[in-house]
Amino acid sequence: MRIATWNINGVKARLHNLLHWLKDSSPDVACLQEIKCADEAFPAFEIEALGYNVAVLGQKGLHGVALISKHPIEDVTRGLPQADGDEQSRFISGLIAPKDATPIRVASAYMPNGNPIGTEKFEYKLAWLQRLEDWAREELLREEPLVIAGDYNIIPEPIDAKYPGNWVTDALYQPEPRAAFRRISALGLTDAVRAVNDGGGLYTFWDYQAGAWQKNNGIRIDHLLLSPEAADRLLLAGIDRHVRTWDKPSDHVPVWADLA
DNA sequence: ATGGTTGGTAGCCAA
């Protein structure tokens, strides 16, 4: 079972790429972020025509997440607990229920960017990560397969950037969100890509600006974190780099994990 | 130090 995550940077502008990638890579489950459209504007018809089910938490123009699955999507939850007036659409989870296999809870999460540091945006990022940590802690008590996939907007380690020094004043590389990532990991979650490859040079995002892609000036900020019950089934994980060479690409590429 | 690009919505913001 292949579970993938992709910050698509506008599903309407990227529909051709999305359909191509779904046919090409054929993930069982795809977690999308930054769909940038309201629920009713999500291109469900075209995606369902490829044999997928769809669950969406949209928002007009900004953010927005979705789950796409070849298997039934049950028990969908939208938003994290402790919302306290938070109206940004950044989290959806569902129980992926294959006919003859163990169900897996999969979350599609779009962590706040948090720039610039020293503003309420950065504080919002930290508060959001705390809410995710609280949710994950509760969810892990079930001792069941769980995948928290998405655009974490966190560069976990220096090897996750081509030029770490370029990011020292950026919210994606600050000590606080990196510590939050470590705390969440330390709950017992496994970084799927890192688990199968402990080297550097693995990137999931290249800025549109200044020829970042051509220079391979990338960062690894899209992650799949696996509960122990999911990690036990991890076969392989990877990054669909080639998608960045397509016409009108997202600035992120899909990341995936294959579970037995 | 600055500028560089894209998407979405509507005269700039978020990334």
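The notes below deal with the structure included here.

Cut-offs and rules
Residues numbered from 1 in each chain as written. Chains lettered and ligands numbered in written order. Predicted model: local features only at pLDDT ≥ 70, side-chain atom pairs only at ≥ 80, totals over all residues. Heavy atoms only, no water. Axes fitted to C-alpha atoms, helices over the stretch in contact; angles between N-to-C directions. Helix = DSSP H or I, 4+ residues; strand = E, 2+ residues; numbered from the N terminus. Parallel < 35°, antiparallel > 145°, perpendicular 65-115°, else oblique. Contact = heavy atoms within 4.5 Å. Nonpolar A, V, L, I, M, F, W, Y, C, P; charged D, E, K, R; others polar. Salt bridge = Lys/Arg side-chain N within 4 Å of Asp/Glu carboxyl O. Buried < 20%, exposed > 50% of the residue type's maximum accessible area, 1.4 Å probe, protein only. Pairing = 2+ DSSP bridges.

**Quick notes on the packing of helix α3 (residues 120-140) against helix α4 (residues 175-186)**
Running from N to C, α3 and α4 cross one another at 5°; their axes reach a closest spacing of 10 Å. Considering their axes alone, α3 and α4 lie roughly parallel with respect to each other. Here F122, K125, L126, L129, Q130, L132 and E133 of α3 come into contact with α4, specifically with E176, P177, A180, R183 and I184. Considering only residue class, the contact of α3 with α4 consists of seven nonpolar, one polar and four charged.

**Section: unusual backbone geometry**
Backbone torsion omega between N115 and P116 reads -5°, so that peptide bond is classified as cis. The residue P116 is located in the loop between β7 (104-110) and α3 in this model.

**Remarks on the side chain of S89**
When you line up the elements, S89 lands in the loop between β5 (73-78) and β6 (91-96). In this structure, S89 is in contact with L57, G58, Q59, H63, G64 and V65, ignoring residues within four places of it in sequence.

**Remarks on the pattern of salt bridges**
Applying the stated criterion across every chain yields a total of twelve salt bridges. One salt bridge connects R220 with D160, and the closest N-O pair in it is separated by 2.7 Å. Taken together, the positions of R220 in the loop between β11 (218-219) and β12 (222-226) and D160 in the loop between β8 (146-151) and α4 put the pair 60 residues apart, joining distant regions of the chain. Note on accessibility: R220 and D160 belong to one class, buried.

**Brief notes about the pairing of strand β14 (residues 255-259)**
Among the five residues in β14, five count as buried, and that is most of the element. Burial along β14 is two-sided: the residues V255, A257 and L259 and W256 and D258 are all buried. Pairing analysis gives four bridges linking strand β1 (residues 2-7) to β14, with the strands arranged antiparallel. Bridged to T5 within β14 is V255. In this sheet, β14 lies alongside strand β13 (residues 234-239) in antiparallel orientation, the contact comprising five bridges. Looking across to β14, one finds that I239 is bridged to V255.

**Topic: the sheet that holds strand β3 (residues 53-57)**
The strand order across the open sheet formed by six strands is β3-β4-β2-β1-β14-β13, and the pairing between neighbours is mixed. Only two strands of the sheet have a single partner each, and these edge strands are β3 and β13. Neighbouring strand axes in the sheet, compared pairwise and without regard to direction, differ in orientation by 15° on average. Here five bridges tie β1 to strand β2 (residues 29-33), and the two strands are oriented parallel to one another. Of the residues in β2, the one forming a bridge with I3 is V29. Each of β1 and β2 touches helix α1 (residues 15-25); the most contacted strand, β1, lies at about 160° to it.

**With respect to the environment of A83**
Its place among the elements puts A83 in the loop between β5 and β6. Separated by 166 residues in sequence, A83 and P249 place their C-alpha atoms 33 Å apart.

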